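# A closer look at the structure
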Amino acid sequence: MSVLFGRVWAPVRALLPARADLAAMGRQPRRDLLAGLTVAIVALPLALGFGVSSGLGAEAGLATAVVAGALAALFGGSNLQVSGPTGAMTVVLVPIVARYGPGGVLTVGLIAGVMLIALAVARAGRYMQYVPAPVVEGFTLGIACVIALQQVPNALGVAKPEGDKVLAVAWRAVEEFVRHPNWTALGLALAVAAIMLLGARWRPAIPFSIVAVIAATVAAQLFSLDAAPPIGDLPAGLPAPSLAFLDAAALGSLLAPAVAVAALAALESLLSASVADGMTVGQKHDPDKELFGQGLANLAAPLFGGVPATGAIARSAVNVRTGAASRLAALTHAAVLAVIVFAAAPLVSRIPLAALAGVLLATAVRMVEVGSLRAMARSTRSDALVLVLTAVATLALDLVYAVILGLLVAGALALRAVAKQARMEQVPFTPHLPGQDSDEEHALLAEHIVAYRMDGPLFFAGAHRFLLELSEVADVRVVILRMSRITTIDATGALVLKDTVERLNRRGIAVLASGIRPGQRRVLDSIGALDLLRYEGREYATTPEAIAGARAHLECAGILPHSAPHKTTPVVTEERAR
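Note that this is a predicted model, so its numbers are computed, not measured. (Residues numbered from 1 in each chain as written. Predicted model: local features only at pLDDT ≥ 70, side-chain atom pairs only at ≥ 80, totals over all residues. Heavy atoms only, no water.)

## Some words on the packing of helix 7 (residues 133–150) against helix 19 (residues 381–396)
Interaxial distance between helix 7 and helix 19 falls to 7 Å at its minimum, and their mutual angle equals 30 degrees. Viewed along their axes, helix 7 and helix 19 adopt a mutual orientation that is roughly parallel. Judged by the twist between their axes, the crossing of helix 7 over helix 19 is right-handed. In this structure, helix 7 uses P134, V135, E137, G138, F139, L141, G142, I143, C145, V146 and L149 to contact helix 19, whose residues at the interface are D383, V386, L387, T390, A391, T394 and L395. (Axes fitted to C-alpha atoms, helices over the stretch in contact; angles between N-to-C directions. Helix = DSSP H or I, 4+ residues; strand = E, 2+ residues; numbered from the N terminus. Parallel < 35°, antiparallel > 145°, perpendicular 65-115°, else oblique. Left-handed = near helix turned anticlockwise from the far one by under 90°. Contact = heavy atoms within 4.5 Å.)

## Focus on unusual backbone geometry
A negative phi holds for most residues other than glycine; trans holds for most peptide bonds. Positive phi is not limited to glycine here, since R123 has a value of about 60 degrees. For R123, the location among the structural elements is in the loop between helix 6 (102–121) and helix 7.

## As for the layout of surface pockets
If a probe as big as a water molecule is rolled over the atoms, it shows which places are left empty. In this structure, the largest pocket spans a volume of roughly 1500 Å³. Listed by contribution, the elements that provide at least two residues to the lining of the largest pocket are helix 3 (29–54), helix 5 (87–100), helix 7, helix 10 (183–202), helix 11 (208–222), helix 12 (248–278), helix 14 (313–321) and helix 17 (353–367). Taken together, the residues that form the lining of the largest pocket break down as 30 nonpolar, 8 polar and 7 charged. (1 Å grid on protein atoms, 1.4 Å probe; cavity = no way out; pocket = protein on both sides within 12 Å on 5 of 7 lines; lining within 4 Å. Points joined across faces, edges and corners; volume = space filled by probe spheres on them. Nonpolar A, V, L, I, M, F, W, Y, C, P; charged D, E, K, R; others polar.)

## Things to note about the nonpolar core
Burial of nonpolar side chains together is a common tendency in soluble globular proteins. In this structure, L44, L48, I96, V192, V261, L337 and I351 are the most contacted members of the largest nonpolar core, which totals 83 residues. If you tally residues by element for this core, the top one is helix 12, at 11 residues. Not counting residues up to four positions away in its chain, the partners in contact with L44 are L62, I210, L337 and I340. Formed by 26 residues, the second largest nonpolar core is a distinct cluster that contains L458, L470, L481 and V501. (Core = buried A, V, L, I, M, F, W, Y, C linked by side-chain atoms within 4.5 Å. Buried < 20%, exposed > 50% of the residue type's maximum accessible area, 1.4 Å probe, protein only.)

## A look at the environment of A14
With respect to the helices, strands and loops of the structure, A14 is situated in the loop between helix 1 (2–13) and helix 2 (19–24). Owing to a relative accessible area of 36%, A14 belongs among the partly exposed residues under this scheme. Here the alpha-carbon distance between A14 and K289, two residues 275 residues apart in the chain, equals 8.2 Å. With sequence-adjacent residues up to four places away left out, A14 is seen in contact with R123 and K289.

## Concerning helix 24 (residues 518–527)
All of the buried residues along helix 24 are Q520, L524 and I527. Projected down its long axis, helix 24 carries its buried residues within an arc of 55 degrees, all on one side. Opposite the packed face of helix 24, turned more than 90 degrees from it, sit the exposed residues P518, G519, R522 and S526. Backbone geometry just downstream of helix 24 places G528 in the positive-phi region, at approximately 100 degrees. (Arc of directions from axis to C-beta.)

## Re the environment of A155
Mapping A155 onto the fold places it in helix 8 (residues 152–156). In sequence terms A155 and L356 are 201 residues apart; their C-alpha atoms lie 8.5 Å from each other. Excluding its chain neighbours within four sequence positions, the residues that come into contact with A155 are A185, L186, A189, A357 and L361.

## Let's talk about the packing of aromatic side chains
Following the criterion strictly, the structure yields 1 aromatic pair and no others. With 5.2 Å between their ring centres and 80 degrees between their planes, F177 and W183 make a pair best called edge-to-face. (Phe/Tyr/Trp six-rings, centres within 6.5 Å; stacked < 30°, edge-to-face > 60°.)

## Here we look at the side chain of T64
Looking at the element boundaries, T64 is found in helix 4 (residues 58–75). The exposure class of T64 is buried, given its relative accessible area of 0%. Within the structure, the side chain of T64 is placed 2.7 Å from the backbone nitrogen of V307, a separation counted as a polar contact. Setting aside chain neighbours within four positions, we find T64 in contact with G69, G84, P85, A301, G306, V307, P308 and A309. (Polar contact = N/O pair within 3.5 Å; in protein donor to acceptor, adjacent residues only side chain to side chain.)

## Some details on the confidence of the model for the protein
Overall, the prediction assigns the protein a mean pLDDT of 78, with 82% of residues at 70 or greater. Note that pLDDT drops below 50 for residues 566–577; the model gives that stretch 23 contacts with residues more than four away or on any other chain. (pLDDT = per-residue confidence, 0-100.)

## Overview of the pattern of salt bridges
For the structure shown, the criterion picks out 3 salt bridges. Across the pair D288 and R123 runs a salt bridge whose closest N-O atoms are separated by 3.6 Å. On the criterion of sequence distance, the pair formed by D288 in helix 13 (residues 287–300) and R123 in the loop between helix 6 and helix 7 is long-range, its members being 165 residues apart. Its relative accessible area of 27% is what places R123 among the partly exposed residues. R179 is the partner of E176 in a salt bridge, and the nearest nitrogen-oxygen pair spans 2.9 Å. With E176 and R179 both in helix 9 (residues 166–179) and 3 residues apart, the pair spans about one turn of that helix. Classification of R179 by relative accessible area gives exposed; the value is 54%. (Salt bridge = Lys/Arg side-chain N within 4 Å of Asp/Glu carboxyl O.)

## Side note on the packing of helix 18 (residues 370–379) against helix 19
Axis separation between helix 18 and helix 19 bottoms out at 5 Å; the angle between their running directions is 130 degrees. Taken as axis vectors, helix 18 and helix 19 run oblique relative to one another. In this structure, helix 18 uses L373, M376, A377 and S379 to contact helix 19, whose residues at the interface are D383, A384 and L387. Counted by class, the contact of helix 18 with helix 19 contains 5 nonpolar, 1 polar and 1 charged residues.

Printed below as a string of structure tokens:
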């Protein structure tokens, strides 16, 4: 029993915080505390804005930033990652909130948290490296567009129209604004966005988001701008844990959204942790621990009225730039936001919704790296196609479906490119090969024997081209396949090869092979292709031996006269001989 418990506990124990992680928090506490305070100032308007955008209210965003931020910082795999509500997750949650309400968010968050922990135990974090860059860039571009469109109703000061399609909702909001324009709300939103974007260029170290929000709030209070409604009352503190699950009948319909939330949390968190690593020297996150920390965060945050969370690229970048050295900075960020929740809820409740819309509009603009997109689009047509397709699918479809579609298209294009690298060339006989004692005999051999060198992969994406090419061979008695340069072969390639050999044999053409590597034998043998090549000893280690075997075959067939044994001339290199 103890042995079984040890086997189960060992992978879980490896995911828990190590002593070194905790010890690092006491090395440079002053830097970490200052960095955490700065990140909290930046994160406050974002947490409020994403909470409002999700449909659960500003308090949901704050609860997520506090609970998920603390747990992910303590149990995650990155020393510098900052977690909380993000725009990408908000995009997924909007239709869930509209259909199921807070109970649906709680259920989805708990299921997604369990999935993330299971992925961590299964050591699935390393597979993040296989996501192509065009998919990530297209995904980010699409999310930025969705976030911007979600802010249109609040930025225009109109009630949010019904619907879960952001394009349709934004269009209806514009129509309502045209009928009843609210220039006050629009002016506040544009002013906040402009202050953030221009201020970031002028003084990147200053958190202009909080400066702009404070200015907008003061202006709304001083000038009694009733056309710019505030957030509304916030609870002074985190709500008590709630277990308001949905009934069992609704669970089936929430499995797909839960998978989407888990996939998005994993993708965005690991991407954010990688970005944070790239901004530092000597830092490297543990992807499996990061999934474990995000799983715990997503289990806990919905219990306190929050929403599912992920690692946040923008907040993590601010954390790194302000000198964070350990997890203490992210924990400080959560603690500062908790103090704000308990002590400053009345003040926060006065922030105009239009100001938060401006914050998120500026955030969406800053998410788009124009230089990176331009470089990606110019690199290859395939990369440009994957980028555009993923971005459009993110805007028009579901986020996870967009990533899956991008991965499928990128994979298909990659296979097409690899398949194009595979080629088969007819190679001439050369005087140094054995069995060619005179020009007349060399010409006679060349008349009845053809040799092909096969380069690259022989797999499902391109194997049938070889079948067509070899099937067109005519007016020869022997075909020699030089296989030493085949990099890989799969079952489809082996079947195609077997079919080709059978077709040529039926036409009276003998097929000989040389240079089959040990790694290829298992696949060929399992399909039965190796049995055909072994027939009458038609498999050889090198090409000179295969040519000698072809000569013997022609002599037995009466095409060449029988002659005395030939002396073997030296081969230039082993690779060339094969």
